[in-house]
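Residue-level listing of the chains:
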Amino acid sequence: MRPLLCLALAAFVSFCTKVSAETVVSGELSVGYEYDSNVTVDEVDRDTNVGDGGFLLNGSISLDHDLTDKTSASASYGYSRVDYQDFDFLSRETHTLGGNISSKLENVTAGINYFYINARLDGNDFLTYHRASPSLSGFVSKRWFLRGAYVFGDKTIARRPGRDAQNHGAELDAYYFWRGLRRYINFGYVYREEDSQAARFKYTAHQLKLRFVQRYEIFSKLSKLELGLRYEDRDYQEATPSIGVRRSDDRIRATIEFELPLTERLNWQVYGGYSDYQSNLPSADYDQSVVGTRVELTF
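Bear in mind that the values here come from a model prediction, so they are computed numbers and not experimental data.

**Q** Any chance you could explain the pairing of strand β10 (residues 165-177) here in plain terms?
**A** Regular strands show a simple pattern: their side chains alternate between the two faces of the sheet. For strand β9 (residues 144-157) and β10, the ladder comprises 12 bridges, and the chain directions are antiparallel. Residue pairing for β10: phenylalanine 152 is matched across the bridge by histidine 168. Bridge analysis of β10 against strand β11 (residues 183-196) gives 13 bridges, and the strand direction is antiparallel. Note on β11: the bridge partner recorded for alanine 174 is phenylalanine 187.

**Q** Sorry, what's going on with the packing of aromatic side chains here?
**A** Each aromatic ring pair is described using two quantities: the centre-to-centre distance and the angle formed by the ring planes. One pass over the structure, following the stated rule, counts 14 aromatic pairs. Taking the centre distance of 5.4 Å and the plane angle of 90 degrees together, the rings of tyrosine 176 and tryptophan 178 count as edge-to-face. Given a relative accessible area of 36%, tryptophan 178 falls into the partly exposed group. Aromatic side chains tyrosine 277 and tyrosine 286 sit 5.1 Å apart centroid to centroid with 50 degrees between the ring planes, which places their arrangement in the tilted category. When sorted by exposure, tyrosine 277 lands in the same class as tyrosine 286, which is buried. Among the aromatic residues, those joined into a cluster by ring pairs are Phe139, Phe145, Tyr175, Phe177 and Tyr184. The side chain of arginine 251 reaches across the aromatic face of tyrosine 277, ending 4.3 Å from its centre.

**Q** What's the story with the environment of threonine 204 in this structure? I'm lost.
**A** Looking at the element boundaries, threonine 204 is found in strand β12 (residues 203-218). Considering only alpha carbons, one finds threonine 204 and tyrosine 216, 12 residues apart in sequence, at a separation of 40 Å. The contacts of threonine 204, once residues within four sequence positions are left out, are Tyr191, Arg192, Glu193, Asp233, Arg234, Asp235 and Gln237.

**Q** Is there a simple way to think about the nonpolar core in this case?
**A** Side chains of nonpolar character tend, in soluble globular proteins, to be buried together. Counting residues in hydrophobic clusters, the biggest one holds 15 residues, and the most contacted among them are Val41, Tyr84, Leu90 and Phe126. Elements with a minimum of two residues in this core: β5 (71-84), β7 (108-121) and β8 (124-139). Other than its neighbours up to four places away in sequence, phenylalanine 126 contacts Val41, Glu43, Val44, Arg92, Ala119, Arg120, Leu121, Thr156, Ile157 and Ala158. Formed by 5 residues, the second largest nonpolar core is a distinct cluster that contains Phe145, Tyr175, Phe177 and Val213.

**Q** Can you walk me through a nonpolar patch on the surface in this structure?
**A** Residues Val140, Trp144, Leu146, Leu172, Phe187, Tyr189, Leu208, Leu210, Leu229, Tyr231 and Ile252 make up a contiguous nonpolar surface patch of roughly 960 Å² in combined accessible area. Of all elements in the fold, only β9, β11, β12 and β13 (221-240) reach the threshold of two or more residues within the nonpolar patch. Secondary-structure assignment places tryptophan 144 in strand β9. For tryptophan 144, a relative accessible area of 33% gives the class partly exposed.

**Q** I keep staring at the side chain of arginine 247 and nothing clicks. Help me out?
**A** With respect to the element layout, arginine 247 can be found in strand β14 (residues 245-261). Here arginine 247 falls in the buried class, since its relative accessible area comes to 3%. Excluding residues within four positions of it along the chain, arginine 247 makes contact with Asp45, Arg234, Asp235, Tyr236, Glu238, Thr240, Ser279, Asn280, Leu281 and Ala284.

**Q** Where do I start with a negative patch on the surface in this structure?
**A** Taken together, Glu22, Asp64, Asp66 and Asp69 make up a surface patch of like negative charges. Among the structural elements, aspartate 64 can be located in strand β4 (residues 52-66). On the accessibility criterion, aspartate 64 (33% relative accessible area) is partly exposed.

**Q** Can you help me understand the environment of threonine 94 in this one?
**A** Looking at the element boundaries, threonine 94 is found in strand β6 (residues 92-105). Exposure remark for threonine 94: the relative accessible area of 14% places this residue in the buried category. Note: C-alpha distance between threonine 94 and glutamine 237 (143 residues apart in sequence) is 30 Å. Each residue touching threonine 94, except ones within four places of it in the same chain, is listed here: Gly78, Tyr79, Ser80, Ile117, Asn118 and Ala119.

The rules we used
Residues numbered from 1 in each chain as written. Predicted model: local features only at pLDDT ≥ 70, side-chain atom pairs only at ≥ 80, totals over all residues. Heavy atoms only, no water. Pairing = 2+ DSSP bridges. Helix = DSSP H or I, 4+ residues; strand = E, 2+ residues; numbered from the N terminus. Phe/Tyr/Trp six-rings, centres within 6.5 Å; stacked < 30°, edge-to-face > 60°. Buried < 20%, exposed > 50% of the residue type's maximum accessible area, 1.4 Å probe, protein only. Lys NZ or Arg CZ within 6 Å of the ring centre and 35° of its normal. Contact = heavy atoms within 4.5 Å. Core = buried A, V, L, I, M, F, W, Y, C linked by side-chain atoms within 4.5 Å. Patch = residues over 30% accessible without salt bridge, like charges linked within 9 Å, V, L, I, M, F, W, Y side chains within 5 Å. Areas by Shrake-Rupley, 256 points an atom, 1.4 Å probe, with all protein chains shown as cover. Salt bridge = Lys/Arg side-chain N within 4 Å of Asp/Glu carboxyl O. Lys, Arg positive; Asp, Glu negative; His and termini not counted. Charge placed at Lys NZ, Arg CZ, Asp CG, Glu CD.

Now the structure itself:
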């Protein structure tokens, strides 16, 4: 299935480049700096308990094409990198390839998207992840917009075969718009089952999220303030040998981001976040604060 999806995505990109008059091309490039109070590798439950700063580089490009008056398709590629000053062996680069097709059916939009993610640590293979998700979305009133999706994922972590896993889940998001995109709030719920190769890593998770976005004018520029809060409860299905009981995690994450346009295509962003991971497994019980800034060029 994976080769077919990749071939389909490649064929779509090739098609879009031949019909550039009907294809919208957009992208962004950003550079910045970030300080992390506790450099971690979340996927393998490892934290250093030491802070470090890192330089950021991010870029992406997307192609959007209307196949018919009701059906559209898109393809995207993204690259991100963080280079730590002291923990250079934890410096990470990530490549993301995506594709999406959606079609309007009366008052509902049906779509399916696919993402391939490849992450490397210190230049070495670390994580590959495939994600496919069909969805339905639409306005149920003038102010309320709903989206529901099924999610399938396939994860591989280099040199840790016990953590290789497939996951199945469901997502539900509700958006309430006060002033269109200038002010809205997003409520979300996620359910996920992760079926890992090693029984001790299998778990079910419930996640709640809340996001608030406010746009307002500063010096005649439309700036953006975004606040986010997530809570996740994980219950593992088998006992973890090192603690002799089943692992249980509670994870809380709070974020804030402010974006100020400097010119029509140049934005300045400042952001911060705090994570509190509580677990009966000592290596997964820690907290973390992140602050950073970046300058972004859009086209």
